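Fold and geometry: a report
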Number of protein chains: 2
Amino acid sequence: MAEEETEISGSVEVEDILDAFESHSPERVLERVRQAHPGDIEQAFERLDDQSREAILDQLPSNVLAEWADYLPAADVERRLHTLPKGEQREVLDSLSDDELVDLLQEMEEKDRPQYIELLPDEKREVSENLMQYPEETAGGRMTMAMATIPVGLTVKEALDELRAIKEEAELLSRIYVLDSERRITGKVRMRDLAFSTWDTPIADLMDSDQLSIHAMEDQEEAAQMIARYDLVALPVVDDENRLVGVITHDDALEILEEESTEDMEKISGIGGERGDFAYLQMSVFSHFKRRAGWVVILAFLALTSGWVLLKYEDVLTAVFLLALYLPMVVAAGGNTGAQSATMVIRAMSLGELDTREFGRVVWKESRIGALLGGMLGVLVALQVCFFLPDFLLPESLDLGNFSMFDVAAVVGLAIAAQVFSSTLIGAILPIGARAAKLDPAVVASPAITTIVDVSGAVIFFTLAKMFFF
Amino acid sequence: MAEEETEISGSVEVEDILDAFESHSPERVLERVRQAHPGDIEQAFERLDDQSREAILDQLPSNVLAEWADYLPAADVERRLHTLPKGEQREVLDSLSDDELVDLLQEMEEKDRPQYIELLPDEKREVSENLMQYPEETAGGRMTMAMATIPVGLTVKEALDELRAIKEEAELLSRIYVLDSERRITGKVRMRDLAFSTWDTPIADLMDSDQLSIHAMEDQEEAAQMIARYDLVALPVVDDENRLVGVITHDDALEILEEESTEDMEKISGIGGERGDFAYLQMSVFSHFKRRAGWVVILAFLALTSGWVLLKYEDVLTAVFLLALYLPMVVAAGGNTGAQSATMVIRAMSLGELDTREFGRVVWKESRIGALLGGMLGVLVALQVCFFLPDFLLPESLDLGNFSMFDVAAVVGLAIAAQVFSSTLIGAILPIGARAAKLDPAVVASPAITTIVDVSGAVIFFTLAKMFFF
């Protein structure tokens, strides 16, 4: 039995649930889903489109919805909630964990909020009102308030009695915070410390006074990075008076870092705006369009600058049309090397490996890398022009006048070397500059680099050509 | 006191330690570092270059090195180890956790390994030989063997006695695995279950038989994704006979997912090869060069295809040289939209939101997004050609013959629409195709897309121009 069960791999589970969903048979869905891990249900659900999700949720009795609600996208739960009678709404809301409840309340239109908050039991209402005061992207907006705390001055026996009362609600019992009368953290104990000690041991003798915490208004990413750096199970969140208001747990940190990586990648590719809780297939065509349209339009019109450079050098190009063969190469090499150094630097800053005060060292490193890359490519390309240029690549109108292919090789080789060197540097400098100017490196750097490097490539190429051939 | 300590933020700590490192005063380094969190030491250390790290390590007495060794890059520890007498080598090796020890042994040259393995106490030697049989990127290669286990059939009292004996070695006591005589997992208990139960309760009554586990030879990324999906603190790793051989913990999952995101980003930007344990500044110029040179060269020569297309259409270009103004725009718009859809699809696959069986839905979605983006951009650009083309952008030799600016607008608008539409689709299809062919989508897709889209842009543009103007 153990043998069979351990062989179930997560992705098979998800496929299975998707099959059940697609059968459109409410019985099959319910049966399959009752055996599934909520994490798999969540993932299967996120892969459905709007209509399918609506259809499935509409068939669910509210008690099953209550069971799942923590794992479903807040927007879907809200839509279904609207259609339920008050009693069943209460059942679903009651089943949600603090942070999911707050997500749901923040997701809905403001006018709908009071009617749902009214349905909550007093304690839950207070918690959600507390949590909602923090913006979504902050540590406070991400934390849960369901942590285990005990007052200072207890014995192990007394602490266990306190904890027994809250063990169902607390999301995490492996870290227990010991609070003074002002709710300030005086230390923490672990469950194991309690389990291995005699009942009359004072908690004060067991506790660890390590004081890592984060302010509720700090960025959630900072919290996630602290959890990663210190290998924490949970990070306490405190308010202005240094009182414990909640904790961010290791699984939140994982989610936050995944989201931030996704955001960085998207920004580097010129995709803007909020992603929200939506998976790729779940997002509407129009939402995708809106997130992509901005940079596409801006970059397209900025590319007119490159076109204008071509026009300005019309004489050079038409005189030695062979240059057209190498123009895309020079431009592309700049784009590629600029993207490489920008990615390295942006990621290093995200991972906390690098900050603006290391600007000089980055420039020095990238100039050596750029010189190596540019030098190597320049030599290779010059050799190719001289010795490996097949006839079919030559323009029909080839007329080099007084010049030789060695001159072309020199121009192309020098141009590509200069372009690669400068692009590598531009790609590294712009993100650091953006960070220093308190802008988002990933947003600013990539589009700017693409445009600058396209123009610089053409300018370098034609300037060199003009020097050689005119 | 609590107030002061909780205000220390991680990044300030790292700067402080760096300052101490840079003072080159062994006393200051030691003093500063004794108070610091190992996570901060690790991060500060990673930001130093080779010489500084060597200088600092050489000043450290071996007992301090032993204290830190878990948090320092394996390569640095190894280098320092070589210079120590046998007794001190033993002290350092003994202080390492299982997984760090294995990293270190795997890092060193094979001929050096036996002499260090010999220094290990029997138990540690066995553990490290066990762990070394799994390749580095697998669940087995990443796991720790220091998990808490108890045999089936104990009472709470007996379990606590067993655990008390191992509590110093176990990395994680919050999950305790209950094993049968074959070391198969029959269930797990949490520390809280033990703490809240009377001593004579049989463990069998408390344990949870949830059977999530992963095979030791599976990819470490799959393990990390399971931990993320199921919000696990630890995931058991099993062998072919389904025996428990180790666990992967939540902090490993965080590291793995950060590494994988970094790798994906780098691959998308054409950066190849292994990153290893090196931070950006720590990696040598030559290592950076090697990781970037491959695609830079390949892509540069592939760009000759675009150049060749330009040569083929020399007649069109020279006849209507105004087209040169818009050529970079058409090409760039394809590159940008192709990169956007490729990034969306590659990331969605990495996050498990998408797999190859959803190919059809992705194509359908992207064709609508591509049509919207292409249509919008085509109309905007056509309007710009007709109504907002300032004189300074026009070529000196402008001669449209029988044609009007409306013809140019039609060519440019249609070309950019077709280019954006096709690039959006290519950007989405190539990564899924790569995945279906068992290739890495991030490696294959981006360079291929850049090249294809550059060529297709020129071909589309000139073909349309030829149809209109000739």
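Criteria and thresholds
- Residues numbered from 1 in each chain as written.
- Chains lettered and ligands numbered in written order.
- Predicted model: local features only at pLDDT ≥ 70, side-chain atom pairs only at ≥ 80, totals over all residues.
- Helix = DSSP H or I, 4+ residues; strand = E, 2+ residues; numbered from the N terminus.
- Rg over C-alpha atoms; globule rule 2.2 N^0.38 Å.
- Buried ≥ 20, exposed ≤ 12 C-beta atoms within 10 Å, placed from the backbone.
- Contact = placed C-beta atoms within 7 Å.
- Nonpolar A, V, L, I, M, F, W, Y, C, P; charged D, E, K, R; others polar.
- Arc of directions from axis to C-beta.
- Pairing = 2+ DSSP bridges.
- Axes fitted to C-alpha atoms, helices over the stretch in contact; angles between N-to-C directions.
- Least-squares fit on C-alpha atoms with pLDDT ≥ 70 in both.
- Expected span 1.5 Å × (residues − 1).
- pLDDT = per-residue confidence, 0-100.
- Right-handed = clockwise from strand over helix to strand, strands pointing away.

Remarks on the overall build of chain A
When its secondary structure is counted, chain A shows 24 helices and six strands. Taking 470 residues into account, the globule formula puts the C-alpha radius of gyration at 23 Å, and chain A, at 30 Å, lies well above it. Across its three principal axes, chain A shows a C-alpha extent of roughly 95 × 55 × 55 Å. Sorting the 470 residues of chain A into buried and exposed places 48% on the buried side. Relative to all contacts within chain A whose residues are 6 or more apart in sequence, the contacts with residues 24 or more apart total 70%.

Brief notes about the interface of chain A and chain B
Facing 103 residues of chain A, the contacting portion of chain B comprises 103 residues. Broken down by element, the residue count for the side of chain A that touches chain B peaks at 16 residues, all from helix H21 (residues 323-350) of chain A. Among the residues forming the side of chain A that touches chain B, the class breakdown is 56 nonpolar, 25 polar and 22 charged.

So, helix H11 (residues 122-132) of chain A
All names here are of chain A. Three or more residues of H11 are buried, namely Val-127, Ser-128 and Leu-131. Summarising the axial view, the buried residues of H11 lie within an arc of 95°, below the 170-degree limit, and thus occupy one face. Residues of H11 that are exposed and point over 90 degrees away from its buried face: Asp-122 and Glu-126. Those residues of H11 that are buried are in contact with helix H9 (98-107) and helix H10 (113-119).

Let's talk about the sheet that holds strand S2 (residues 172-179) of chain A
Residue and element names in this part refer to chain A. Spatial strand order, S1-S2-S3: three strands in an open sheet with mixed pairing. Pairing within the sheet leaves two strands with one partner each, and these edge strands are strand S1 (147-151) and strand S3 (185-190). Shown here is a sheet whose adjacent strand axes are inclined to one another by a mean of 30°, direction ignored. In this sheet, S3 lies alongside S2 in antiparallel orientation, the contact comprising five bridges. Following the sheet pairing, Leu-179 is matched in S3 by Ile-185. Sitting on the sheet, helix H13 (residues 156-166) touches S1 and S2, and the angle it makes with S1 is about 145°.

Some thoughts on the relation of the copies chain A and chain B
In screw terms, the move from chain A to chain B is a rotation of 180° and a rise of 0.0 Å along the axis, fitting with an RMSD of 0.0 Å. In short, the pair behaves as if placed about a two-fold rotation axis. Ranked by how close their C-alpha atoms come to the rotation axis, the residues of chain A are headed by Ala195(A), at 2.5 Å. When the interface residues of chain A are mapped onto chain B, 100% of them are again interface residues, pointing to one common binding face.

Structural notes on helix H23 (residues 405-436) of chain A
All names here are of chain A. Spanning 32 residues, H23 covers 46 Å between terminal C-alpha atoms, matching the ideal 46 Å at 1.5 Å per step. For H23, a buried count of 25 out of 32 residues is recorded, marking the element as mostly surrounded by other parts of the structure. Phi turns positive one or two residues past the end of H23, at Lys-438, with a value near 60°.

A look at the sheet that holds strand S1 (residues 147-151) of chain B
All names here are of chain B. Ordered by their spatial adjacency, three strands build an open sheet running S1-S2-S3, and the pairing between neighbours is mixed. Since the sheet does not close on itself, it has two edges, and those belong to S1 and strand S3 (185-190), each with one partner. Neighbour-to-neighbour, the strand axes of the sheet open up by a mean angle of 30°, direction not taken into account. Note that S1 and strand S2 (residues 172-179) share five bridges and pair parallel. Residue pairing across strands places Ile-150 opposite Val-178, the latter belonging to S2. Its contacts with the sheet put helix H13 (residues 156-166) on S1 and S2, and the angle it makes with S1 is roughly 145°.

Considerations on the confidence of the model for chain A
Residues and elements named next belong to chain A. Looking at chain A, the pLDDT average stands at 87 and 97% of residues meet or exceed 70. Of all secondary-structure elements in chain A, the lowest mean pLDDT belongs to helix H1 (residues 2-6), at 34, while strand S4 (residues 214-215) reaches the highest, 96. Segment residues 1-9: pLDDT under 50, and 12 contacts once partners within four positions in sequence are set aside and those in other chains are kept.

Observations regarding the pairing of strand S5 (residues 234-238) of chain A
All names here are of chain A. With respect to burial, S5 is a largely interior element, five of its five residues being buried. What joins S4 to S5 is helix H16 (residues 220-229), and the crossover it makes is right-handed. Sheet analysis places S5 next to strand S6 (residues 244-249), joined by five bridges and oriented antiparallel. The residue bridging Val-238 from the neighbouring strand is Leu-244, located in S6. A loop of five residues connects S5 with S6, the two strands running antiparallel in sequence, and Asn-242 in this loop sits at a positive phi of about 70°.

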